[in-house]
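# Residue-level structural notes
What follows is each chain in one-letter form.
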Amino acid sequence: MGHEVEIERGILLPTQCYPLFENALWHESGCSLSEHLEVIGEMWAGFSRVAAANPYAFRREAYTAEEITTPTADNRMVAFPYTKRMVSNPDVDMSSGLVICSAEAAARHGVPIDRWVFLRAGTDGTDVKMSERPDFVSSASIGVAGRRVLELAGTDIDSVTHLDLYSCFPSAVQLALRELDITPDRQLTVYGGLSFAGGPWNNPVGHAIASMVDVLRDDPGSLGLVTANGGVLDKHAFGVFSTTPPRGGFLYDCPQDEIDSRGAHEVVGDHVGPAAIETWTVLHERGSGPARALLACRTPHDARTWAWSED
């Protein structure tokens, strides 16, 4: 999932990487730390409330923003600024199932029409590796492929009633909000997200789609958008769903050429000398507190390099 320079330095875990995007987003916002934590805490509290109302969720407890962002014995710091309640919960015993068929087959087998939900349009795309990204506050793949799926579905984001944004960490959701012009006051999930409803390693989007199907059956004619994310915020997919069939059939696109046109940043693995800190996180060990700082840096020639510190 990583660039060779990242792999050489042991930068492999999502809990090492996603906080780098978070602290870059915080820095760009100009907010104080308490202000930024309040924003992402309120956003995550919204996910917990949806999970609390979802009978299939792994953790059905609604938390306040303060309960999510404040480190405690039950909510330890994992990687600054992420506490345990802000990271994915993949170690769950959950499954989901989808039955996919043609409308003709559904009719032949007697499936009532009010149970039918159509995938109207889909897209996907891949960003460059984390080390090569132009910055830690944008995603060309989300911006290009996310907007393209709405275009194929003949709609815009304000006309999409129901959302499920991939929610492994708050930074992933914030990038989707930025790239797709989604206001944070909207309900951003239909199943509760990975921190609370749970996300089996490769199937959180299965739960999101299954939940979206139920939501759309209860709200016929409305549109739902489900987004997916893989790797370190680099592999993205999008689907628009509705009980109303798409005119002219399902449409799909992979606008990879447009995504790739954004280019890749130079990476150096052996820089020695001055560098500017671009973003950072502090990794915490269970029970023993802060252990190491991880820093993404820019060299005087504007290449990206990496640094560790145990000070």
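Here, the structure is the one placed above.
Now for a look at the structure at hand. (Residues numbered from 1 in each chain as written. Predicted model: local features only at pLDDT ≥ 70, side-chain atom pairs only at ≥ 80, totals over all residues. Heavy atoms only, no water.)

A separate point is the overall build of the protein chain. Looking only at helices and strands, the protein chain features 10 helices and 10 strands. What you see for the protein chain is a C-alpha radius of gyration of 20 Å, in line with the 19 Å of a compact globule of 311 residues. For the C-alpha atoms alone, the extent of the protein chain along its principal axes is close to 70 × 45 × 30 Å. Within the span of the protein chain, comprising 311 residues, buried residues form 52% of the whole. (Helix = DSSP H or I, 4+ residues; strand = E, 2+ residues; numbered from the N terminus. Rg over C-alpha atoms; globule rule 2.2 N^0.38 Å. Buried < 20%, exposed > 50% of the residue type's maximum accessible area, 1.4 Å probe, protein only.)

Here Arg85 shows up in the loop between β2 (82-83) and α5 (103-108). Arg85 sits in the buried class, given a relative accessible area of 15%. Among all residues touching Arg85, those that are not within four sequence positions of it are Trp44, Tyr63, Glu67, Ile68, Asp74, Asn75, Ser195 and Phe196. A distance of 2.8 Å separates the side chain of Arg85 from the backbone oxygen of Glu67, its partner in a polar contact. (Contact = heavy atoms within 4.5 Å. Polar contact = N/O pair within 3.5 Å; in protein donor to acceptor, adjacent residues only side chain to side chain.)

Inspection of every chain in the model, using the stated rule, returns 12 salt bridges. Taking the shortest distance from any N to any O, the salt bridge between Arg298 and Glu278 comes out at 3.1 Å. Taken together, the residues span a long stretch of sequence, with Arg298 in strand β9 (residues 289-298) and Glu278 in strand β8 (residues 276-285) at a distance of 20 residues. For Glu278, the salt bridge is made with Arg304, and the minimal N-O distance between the two is 2.9 Å. Of this pair, Glu278 sits in strand β8 while Arg304 sits in strand β10 (residues 304-309); the two residues are 26 residues apart in sequence, bridging distant segments of the chain. Assessed through its relative accessible area of 0%, Arg304 is described here as buried. (Salt bridge = Lys/Arg side-chain N within 4 Å of Asp/Glu carboxyl O.)

Cis rather than trans, the peptide bond between Phe80 and Pro81 has omega equal to 5 degrees. Relative to the helices and strands, Pro81 is located in the loop between β1 (77-79) and β2. Unusually for a residue other than glycine, Leu233 sits at a positive phi of about 55 degrees. Here Leu233 shows up in the loop between β5 (223-230) and β6 (235-242). Assessed through its relative accessible area of 1%, Leu233 is described here as buried. Of note, the phi angle at Asp302 is positive, near 70 degrees, even though the residue is not glycine.

Among the nonpolar cores identified, the biggest contains 71 residues, and Met130, Leu188, Leu225 and Trp306 are the most heavily contacted of them. The element that contributes the greatest number of residues to this core is helix α3 (residues 33-52), accounting for seven residues. Those residues in contact with Leu225, other than ones at most four positions away along the chain, are Val149, Ile157, Val160, His162, Leu163, Asp164, Leu180, Met212, Phe238, Gly239 and Val240. (Core = buried A, V, L, I, M, F, W, Y, C linked by side-chain atoms within 4.5 Å.)

The next thing to look at is the packing of aromatic side chains. Counting across every chain of the model gives 10 aromatic pairs. Judged by centre distance (4.6 Å) and plane angle (20 degrees), the rings of Tyr18 and Phe169 are stacked. Pair noted here: Tyr18 is in helix α2 (residues 14-29) and Phe169 is in the loop between β4 (162-164) and α7 (170-180), with a separation of 151 residues, a long-range link. The two residues Tyr18 and Phe169 agree in class, both being buried. Between Phe136 and Trp306, the ring centres sit 6.5 Å apart and the planes meet at 90 degrees, which makes this aromatic pair edge-to-face. One end of the pair, Phe136, is in the loop between β3 (118-126) and α6 (140-152); the other, Trp306, is in strand β10, with 170 residues separating them in the sequence. Residue classification places Trp306 among the buried residues on the basis of a relative accessible area of 8%. Three or more aromatic residues link up through ring pairs in this structure, and these residues are Tyr18, Phe21, Tyr82, Phe136, Phe169 and Trp306. The lysine or arginine in question, Arg292, covers the ring of Trp308, its NZ or CZ lying 3.8 Å from the ring centre. (Phe/Tyr/Trp six-rings, centres within 6.5 Å; stacked < 30°, edge-to-face > 60°. Lys NZ or Arg CZ within 6 Å of the ring centre and 35° of its normal.)

What follows covers the sheet that holds β3. Overall, mixed pairing links the five strands, which are arranged β4-β5-β6-β3-β7 in an open sheet. Two strands lie at the open edges of the sheet, namely β4 and β7 (251-253), each paired on one side alone. Within the sheet, the average angular offset between the axes of one strand and its neighbour, ignoring direction, is 10 degrees. Relative to β6, β3 runs antiparallel, the two being bridged by eight bridges. (Pairing = 2+ DSSP bridges. Axes fitted to C-alpha atoms, helices over the stretch in contact; angles between N-to-C directions.)

Quick look at the environment of Asn229 now. Tracing the chain through its elements places Asn229 in strand β5. By relative accessible area, Asn229 is classed as buried at 12%. Look past the residues within four positions of Asn229 in its chain and what remains in contact with it is Tyr18, Tyr166, Cys168, Asp234, Lys235 and His236. Here the side chain of Asn229 touches Tyr18 through a polar contact of 2.9 Å, side chain to side chain.

Enumeration over the complete set of coordinates arrives at zero disulfides. Sulfur of Cys168: no disulfide; nearest cysteine sulfur belongs to Cys17 and is 11 Å away. Looking at Cys168, the relative accessible area reads 4%, which means it is buried. (Disulfide = S-S within 2.5 Å.)

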